[in-house]
Amino acid sequence: MIIRCTQSLYTAATILLYLSTLVAISSAAIYDQYSDLPLGKEYDFIIAGGGTAGIALASRLSEDSAFNVLVLEAGTSSVGVFNITVPYFATRTVLQYDWNLTTTVQPGLGDRWLFFPRGFILGGSSSINGMFYTRGSSDDFNRFADTTGDDGWSWDSIQQYLALNEKLVPPAGNPNTTGEYNPNVHYYNGAVDVSLPSFSQSIDSKVLDAVDELGGIYSYNEDVNSGSPLGLGWLPRTIDSEGRRSSSVTAYLPDEKDNLDVLVNARVARVVPTSNTTLNSTTRYSFRTVEFTQDITNVTLTQITASKEVIICGGVVGSPQILLNSGIGNSTTLLTAGITALVDLPSVGQNLSDQAFIANAFLASTTDTYDDINRNDTVSNEVLAEWMGEDGQGDFQGAGPLGDTFANQISYYRISEELTDEYGDFAAGATSPHLEIYPGNGYFIAPPTTGYHMSMTTVVVSPASRGSITINGSNPFTPPIIDPGYLTAKFDIVAMKEAFKIVYTFLNASVWDGYILEPPTGLPSIPDFFTMNATELDVQLESYIRNSTGSSAHPVGTVAMSAKDASYGALDPDLKVKGVDGLRVVDASAFPFVTCSHTQVPVYVFAERAAVLIKTSWQQ
């Protein structure tokens, strides 16, 4: 008998044996049915959403044995799911573990709609993401502190939470990583395993030679996680020493605890007021009851109440959707949707910000790429056997390309002062980037049947465009209306054009002579890029960008925090929902701005700090 793991074939016995070890890694109290929860148990905290933030927060709160914590997760358990454990398999879209959301038609993208990826599985996006461990810049967190008036969000202050989260470990096979990072800016005793690349890509030496040749903005950065990310450096990932994904589940739920229960397949509809008080004709509600269902077809609703707080960790889509369905949001919009408005909080669902992204695959003159892994079963089986340490070569667990993600280096750049003077500067500070670019040894997701590639992925990490998320009627389980507003701000299209100038200059370094055969369809060749009429080039770039841009899967901001006395925003700096009691939101929706990084690490920081704030408030 054989079992198909997406495109790869492998013996069922071997897979099942390996899965048994994965189950042992995470043995928390995970329940499939509400009726299986301990009878009569009362919970101090109910967390709506078992994703990146929700699981980390639940684990930290349960460290106090006096607290009982319940997590309600809409998706299935991630424990023992093989495909999400193998790092490189992040390049294989597994729709059963995604919410399968789509955006509205985007005018800035040639009236296209986009797939909007969000993890529908325990661990959320930490279970399906690309595993990049990038913190952002010191400016990002200092801007959070300035915006909220709370110095606890500053770069210096959040170091303690990075220390709680990060556990830097040797890569699989323990290769020499000297010079690939600065040991003084990392932490070694946290929850989430972080490692540098374990397997050399064939382009690694060329990338570093190009950096040496070009210098300037391409200069080598020993550690992009130092708070100053500009330049090119090696990319740490949330992968353990055996070449396996390290998610919030594997990191924060390793042991069963009597005071922490996780219920999967539980979709939260809304939070419900448990009490209210009226002062000067103003009603203030306390929201400590959660309404959810495990039967999305017949929608049988169950209510459960927390004695202390409900904490929404539904992510940038789920959190505003739950609040709006609860009557917390713009009163006019709620009434139009047929929902009774209880709390007028117009910022809920607004300020949606995502980083525009294009994976640009150039045809290369080599066959030594990763293209065949996701299109050739024979190659896929060979590298899977190598990863499992069963290829007969005596290799270690996690060997080969599958023990890594799809990029070994990452780089960050600012656009010119001339352009920021004209279009504005939306980065967090003068040393923060506008752009992220990372090289990759292949065409990763759904590669064409022929050809070998080198990818240069371009991302606008400090975008100006803003969008929104609104509910689509009074049914709490109807997918919301997601409008990210991609490339609606002139700055973003200008910045992406600059990204291509940086890419083409990089690929024009002498080390790449003869390596690049053809550009992606719609882009000029490397020689033509430097000789074309400027206006014609600008038109061609804009057309390509608007027809190729997608989501980086780094949306933030839809329940943004602000200063306690601010007239805008949805959360106070302690992540409490403004104007109500008993309710907080802890996830990327709370960010007032997107960080210049991938958002995984900042989300963990928010969860770690939230745990401290919550425990402190209830342990006094």
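Residues numbered from 1 in each chain as written. Predicted model: local features only at pLDDT ≥ 70, side-chain atom pairs only at ≥ 80, totals over all residues. Heavy atoms only, no water.

A.B. asks: Sorry if this is basic, but what is going on with the overall build of the protein chain here?
C.D. replies: The number of helices and strands found in the protein chain is 15 helices and 25 strands. A compact globule built from 620 residues should have a C-alpha radius of gyration of about 25 Å, and the protein chain, at 24 Å, falls within 12% of that. Summed over all atoms, the accessible surface of the protein chain reaches about 22800 Å², with 49% contributed by carbon and sulfur. Across the protein chain, the mean location of the 32 positive side-chain charges is 7 Å away from that of the 66 negative side-chain charges. (Helix = DSSP H or I, 4+ residues; strand = E, 2+ residues; numbered from the N terminus. Rg over C-alpha atoms; globule rule 2.2 N^0.38 Å. Areas by Shrake-Rupley, 256 points an atom, 1.4 Å probe, with all protein chains shown as cover. Lys, Arg positive; Asp, Glu negative; His and termini not counted. Charge placed at Lys NZ, Arg CZ, Asp CG, Glu CD.)

A.B. asks: Looking at this structure, how should I read the packing of helix H2 (residues 52-61) against helix H15 (residues 600-619)?
C.D. replies: A pair of packed helices is captured by two measures, namely the crossing angle of their axes and the spacing between those axes. The geometry of H2 relative to H15 is characterised by a closest axis approach of 9 Å and an angle of 30 degrees between their N-to-C directions. The interaxial crossing formed by H2 with H15 has right-handed handedness. Taking contact as the criterion, the partners of Thr52, Ala53, Ala56, Leu57, Arg60 and Leu61 in H2 are, on H15, Gln600, Val603, Tyr604, Ala607, Glu608, Ala610, Ala611, Ile614 and Lys615. Taken together, the residues of the contact of H2 with H15 sort by class into 10 nonpolar, 2 polar and 3 charged. (Axes fitted to C-alpha atoms, helices over the stretch in contact; angles between N-to-C directions. Left-handed = near helix turned anticlockwise from the far one by under 90°. Contact = heavy atoms within 4.5 Å. Nonpolar A, V, L, I, M, F, W, Y, C, P; charged D, E, K, R; others polar.)

A.B. asks: How should I be thinking about the packing of aromatic side chains in this particular structure?
C.D. replies: The relative placement of two aromatic rings is captured by the distance of their centres and the angle of their planes. Taken as a whole and judged by the stated rule, the model has 27 aromatic pairs. Between Phe45 and Phe67, the aromatic rings sit 5.0 Å apart at their centres with planes inclined by 85 degrees, giving edge-to-face as the arrangement. With Phe45 in strand E4 (residues 43-48) and Phe67 in the loop between H2 and strand E5 (69-72), this pair connects stretches of sequence that are 22 residues apart. With respect to class, Phe45 is no different from Phe67; both count as buried. (Phe/Tyr/Trp six-rings, centres within 6.5 Å; stacked < 30°, edge-to-face > 60°. Buried < 20%, exposed > 50% of the residue type's maximum accessible area, 1.4 Å probe, protein only.)

A.B. asks: Looking at this structure, I do not really get the pairing of strand E17 (residues 356-364). What am I missing?
C.D. replies: As a general feature of sheets, a regular strand has side chains that alternate between the two faces. Bridging between E17 and strand E24 (residues 550-551) involves 2 bridges; their strand directions are antiparallel. Across the sheet, residue Phe357 finds its bridge partner in E24, namely Gly550. Sheet analysis places E17 next to strand E20 (residues 453-460), joined by 7 bridges and oriented antiparallel. Residue pairing in the sheet places Ala361 in a bridge with Ser455 of E20. As judged from the 2 bridges shared by E17 and strand E23 (residues 516-518), these two strands associate in the antiparallel manner. Residue pairing for E23: Ala364 is matched across the bridge by Ile516. (Pairing = 2+ DSSP bridges.)

A.B. asks: Explain the environment of Pro555 here, please?
C.D. replies: Assignment of secondary structure puts Pro555 in the loop between E24 and strand E25 (583-585). By relative accessible area, which is 2% here, Pro555 ends up buried. Through-space distance from the C-alpha of Pro555 to that of Asp354 is 4.2 Å; in sequence the pair is 201 residues apart. Ignoring sequence-local partners within four residues, the contact set of Pro555 consists of Phe116, Arg118, Val316, Leu352, Ser353, Asp354 and Ala588.

A.B. asks: What exactly am I supposed to notice about helix H4 (residues 138-148) here?
C.D. replies: The α-helix advances 3.6 residues per turn, and as a result positions three or four apart in sequence lie on the same side. Extensive coverage of H4 is indicated by the burial of 9 of its 11 residues. Among all positions in H4, only Ser138, Asp139, Asp140, Phe141, Arg143, Phe144, Ala145, Thr147 and Thr148 are buried. Phi turns positive, to about 70 degrees, at Gly149, one or two residues after H4.

A.B. asks: Mind showing me how you'd approach the nonpolar core here?
C.D. replies: Among soluble globular proteins, nonpolar side chains are generally buried collectively. Core analysis: the biggest nonpolar cluster contains 92 residues, and Leu57 and Leu583 have the highest contact counts within it. At 9 residues, the largest contribution of residues to this core is made by H15. Excluding its chain neighbours within four sequence positions, the residues that come into contact with Leu583 are Val271, Phe287, Val310, Ile312, Leu323, Ile328, Leu575, Lys576 and Val577. One finds Ala210, Val316, Leu352 and Ala495 within the second-largest nonpolar core, a separate group that totals 55 residues. (Core = buried A, V, L, I, M, F, W, Y, C linked by side-chain atoms within 4.5 Å.)

A.B. asks: Help me out: how do you make sense of the pattern of salt bridges in this one?
C.D. replies: It is possible for side chains bearing opposite charge to pair when their charged atoms get close. Per the counting criterion, the structure on display carries 21 salt bridges. Residues Asp538 and Lys497 are paired through a salt bridge, measuring 3.0 Å at the closest nitrogen-oxygen approach. Of the two residues, Asp538 sits in helix H14 (residues 534-548) while Lys497 sits in helix H12 (residues 490-507), which places them 41 residues apart along the sequence. The class for Lys497 is buried, based on a relative accessible area of 7%. One continuous salt-bridge network, built from bridges that share partners, spans Arg60, Glu63, Glu608 and Lys615. (Salt bridge = Lys/Arg side-chain N within 4 Å of Asp/Glu carboxyl O.)

A.B. asks: Got a minute to help me understand H14 in this structure?
C.D. replies: With 15 residues, H14 extends 21 Å from end C-alpha to end C-alpha; this agrees with the ideal 21 Å at 1.5 Å per step. Among all positions of H14, only Leu537, Leu541, Tyr544 and Ile545 are buried. All buried residues of H14 project into a common sector of 100 degrees when viewed along the axis, lining one side. Exposed residues pointing more than 90 degrees away from the buried face of H14 are listed as Thr535, Glu536 and Val539. Summarising the contacts, the buried residues of H14 are in contact with E17, H12 and helix H13 (526-531). Measuring from the backbone nitrogen of Thr535 back to the side-chain oxygen at the start of H14 gives 2.9 Å, which picks out Asn533 as the cap. (Expected span 1.5 Å × (residues − 1). Arc of directions from axis to C-beta. Polar contact = N/O pair within 3.5 Å; in protein donor to acceptor, adjacent residues only side chain to side chain.)

A.B. asks: Is there a simple way to think about a negative patch on the surface in this case?
C.D. replies: Taken together, the side chains of Asp209, Asp212, Glu213 and Asp513 define an acidic patch exposed on the protein surface. Within the element layout of this structure, Asp209 appears in helix H6 (residues 204-214). (Patch = residues over 30% accessible without salt bridge, like charges linked within 9 Å, V, L, I, M, F, W, Y side chains within 5 Å.)

A.B. asks: For this particular structure, what's the right way to read the confidence of the model for the protein chain?
C.D. replies: In low-pLDDT regions, the fine details of the predicted coordinates are not to be read closely. Within the protein chain, residue pLDDT values average 94, and 95% of them lie at 70 or more. Note that pLDDT drops below 50 for residues 1-13; the model gives that stretch 38 contacts with residues more than four away or on any other chain. (pLDDT = per-residue confidence, 0-100.)

A.B. asks: Would you mind going over the environment of Asp32 with me for this structure?
C.D. replies: Of note, Asp32 is situated in the loop between strand E3 (29-31) and E4. Looking at Asp32, the relative accessible area reads 46%, which means it is partly exposed. C-alpha separation for the pair Asp32 and Gln303, spaced 271 residues apart in sequence, amounts to 17 Å. If we ignore the near neighbours within four places in the chain, the residues touching Asp32 are Leu263, Val264, Asn265 and Gln294.

A.B. asks: Quick question: what am I supposed to make of unusual backbone geometry here?
C.D. replies: Excluding glycine, most residues fall at negative phi; most peptide bonds, likewise, are trans. In this structure, Asp111 is a non-glycine residue whose phi angle is positive, near 60 degrees. Within the secondary structure, Asp111 is located in the loop between strand E6 (101-102) and strand E7 (115-116). Judged by its relative accessible area of 53%, Asp111 falls in the exposed class.

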